[in-house]
Amino acid sequence: MAKDPVRVLVTGAAGQIGYALVPMIARGVMLGPDQPVILHMLDIEPAAEALNGVKMELIDADFPLLRGVVATTDAIEACKGVDIAIMVGGFPRKEGMERKDVMSKNVSIYKTQASALEQHASPNCKVLVVANPANTNALILKEFAPSIPEKNITCLTRLDHNRALGQISERLQVHVGDVKNVIIWGNHSSTQYPDVNHATVSTSAGLKPVRELVGDDNWLNTEFIATVQQRGAAIIKARKLSSALSAASSACDHIHDWVLGTTKGTWVSMGVYSDGSYGIQPGLIYSFPVTCEKGEWKIVQGLKIDEFSRGKMDATAKELMEEKSLAYSCLN
């Protein structure tokens, strides 16, 4: 039996990440090779012409799974009946801008889009926020879309997770598919904590801990962490543009695993609503290790946290608390 098409919304669809992301969705990378999709693309009025160009290209690419395209600058039309919403659109920080300026711009964007989702999306719509500050944008969205279950609102830290896997694979000269169970704790910002204490590598002699194979705690506790934290900035410096391809790819990974499930024995990192696990204050959107099954994520419990990790995890939680206060002050 052919499956019914899933409606997937991408906001900011005419931008760099959107342009990389929509063909991946249309090709089945996100939801599987047998799942038809209808793409809803939203962007702002000044990008309307570019958005129409993206729609033309989607039609020209002749994707067998693509059953329809909605391209609009109207949030209500964009949100109608969507099952999955990927929120890429946001206001980027420009030179000379204070954090509060960026935050207030994004608060108003996410407030509007949340209301449209609240009223027009499908009742069990899954939301992934990509635009920065991702964790706090997700929190604002949750605030203004109260009927969307809190477990359905997440933010993207899979990009950082994948970056951490990539750094370990480069260092050990192993295939990235053989490295698993790194963790990104906290904020999608330069305070995030990439943690390898529970990560392993598949070798001919079985699973080995990453720490043991790297054999250099100093590198793992300093340079490795800094490289993952600063990778986005390094790509902007090299490309003169932000990391669009890898962000789009990891957004696909995030939704793919959330909807279709994680591989047994493997976890991934997702920014989700804290329930107090690992001593992280409830009411923050914080990145945890999670496993997914039947469309639901669950925080991995019982991992041993050493003193070094505790300090890093608390520092990024503190930044999220500050961001939350800043966002709420913009609301008032």
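Visitor: Where do I start with the pairing of strand E11 (residues 206-209) in this structure?
Guide: In the case of a regular strand, side chains alternate between the two sheet surfaces. Taken together, the four bridges between strand E10 (residues 200-203) and E11 define a ladder with antiparallel strand orientation. Bridge pairing in E11 links Thr200 to Pro209. Turn length for the E10-E11 hairpin, with the two strands adjacent in sequence and antiparallel, is two residues.

Visitor: Would you mind going over the packing of aromatic side chains with me for this structure?
Guide: Both the distance between ring centres and the angle between the ring planes are used here to describe each pair of aromatic rings. Scanning the entire structure with this criterion turns up five aromatic pairs. One aromatic cluster is present, formed by Trp185, Tyr278, Tyr286 and Phe288 through successive ring pairs. Taking NZ or CZ as reference, Lys105 lies 5.1 Å from the ring centre of Phe91, over its face.

Visitor: Explain the sheet that holds E10 to me, please; I cannot follow it from the model alone.
Guide: Adjacent strands of a sheet pair through backbone hydrogen bonds, lying either parallel or antiparallel. With respect to topology, three strands assemble into an open sheet ordered E7-E10-E11, the strand pairing being antiparallel. Of all strands in the sheet, those bounded by a partner on one side alone are strand E7 (179-180) and E11. Bridge analysis of E7 against E10 gives two bridges, and the strand direction is antiparallel. Residue pairing in the sheet places Lys180 in a bridge with Thr200 of E10.

Visitor: What is the right way to look at the nonpolar core in this model?
Guide: Burial of nonpolar side chains together is a common tendency in soluble globular proteins. Membership of the largest hydrophobic core comes to 72 residues, with the highest contact counts inside it found for Leu21, Leu58 and Ile86. Sorting elements by how many residues they give to this core places helix H10 (residues 244-260) first, with seven residues. With near-sequence residues (within four places) excluded, Leu58 lies in contact with Val22, Pro23, Ala26, Leu39, Met41, Phe63, Leu66 and Val69. Formed by 32 residues, the second largest nonpolar core is a distinct cluster that contains Leu9, Leu42, Ala78 and Leu141.

Visitor: Explain the pattern of salt bridges here, please?
Guide: Close approach of charged atoms lets side chains of opposite charge pair. Tallying each qualifying case throughout the model produces eight salt bridges. Lys3 is paired through a salt bridge with Asp34; the nearest N and O atoms lie 3.4 Å apart. Placement of the pair is Lys3 in the segment before strand E1 (6-11) and Asp34 in the loop between helix H1 (16-26) and strand E2 (37-42), with a sequence separation of 31 residues. Here Lys3 falls in the partly exposed class, since its relative accessible area comes to 39%. A salt bridge links Arg310 to Asp314, with the shortest nitrogen-to-oxygen separation between them at 3.0 Å. In this pair, Arg310 and Asp314 are both assigned in helix H11 (residues 307-331), four residues apart and thus about one turn of the helix distant.

Visitor: It is not clear to me how the packing of H1 against helix H2 (residues 48-60) should be interpreted in this structure. Could you clarify?
Guide: When two helices pack together, their arrangement is given by the angle between the helix axes and by the axis-to-axis distance. Where H1 contacts H2, the two axes come as close as 11 Å, and the packing angle between them is 30°. With respect to H2, the element H1 is oriented roughly parallel. Two packed elements cross with a definite hand, and for H1 against H2 that hand is right-handed. Contacts between H1 and H2 pair Tyr19, Val22, Pro23 and Ala26 from the former with Val54, Glu57 and Leu58 from the latter. Its residues placed into classes, the contact of H1 with H2 shows six nonpolar, no polar and one charged.

Visitor: Even after reading the chapter, I still don't get the state of the cysteines, so can you show me in this structure?
Guide: Each disulfide consists of a covalent bond between the sulfur atoms of two cysteine residues. Tallying each qualifying case throughout the model produces zero disulfides. Of the cysteine sulfurs around Cys292, a residue in no disulfide, the closest is that of Cys155, at 14 Å. Free of any disulfide, Cys330 has its nearest cysteine sulfur in Cys155, 18 Å distant. Residue Cys330 is classed as partly exposed on the basis of its relative accessible area of 21%.

So, how was this worked out
Residues numbered from 1 in each chain as written. Predicted model: local features only at pLDDT ≥ 70, side-chain atom pairs only at ≥ 80, totals over all residues. Heavy atoms only, no water. Pairing = 2+ DSSP bridges. Helix = DSSP H or I, 4+ residues; strand = E, 2+ residues; numbered from the N terminus. Phe/Tyr/Trp six-rings, centres within 6.5 Å; stacked < 30°, edge-to-face > 60°. Lys NZ or Arg CZ within 6 Å of the ring centre and 35° of its normal. Core = buried A, V, L, I, M, F, W, Y, C linked by side-chain atoms within 4.5 Å. Buried < 20%, exposed > 50% of the residue type's maximum accessible area, 1.4 Å probe, protein only. Contact = heavy atoms within 4.5 Å. Salt bridge = Lys/Arg side-chain N within 4 Å of Asp/Glu carboxyl O. Axes fitted to C-alpha atoms, helices over the stretch in contact; angles between N-to-C directions. Parallel < 35°, antiparallel > 145°, perpendicular 65-115°, else oblique. Left-handed = near helix turned anticlockwise from the far one by under 90°. Nonpolar A, V, L, I, M, F, W, Y, C, P; charged D, E, K, R; others polar. Disulfide = S-S within 2.5 Å.

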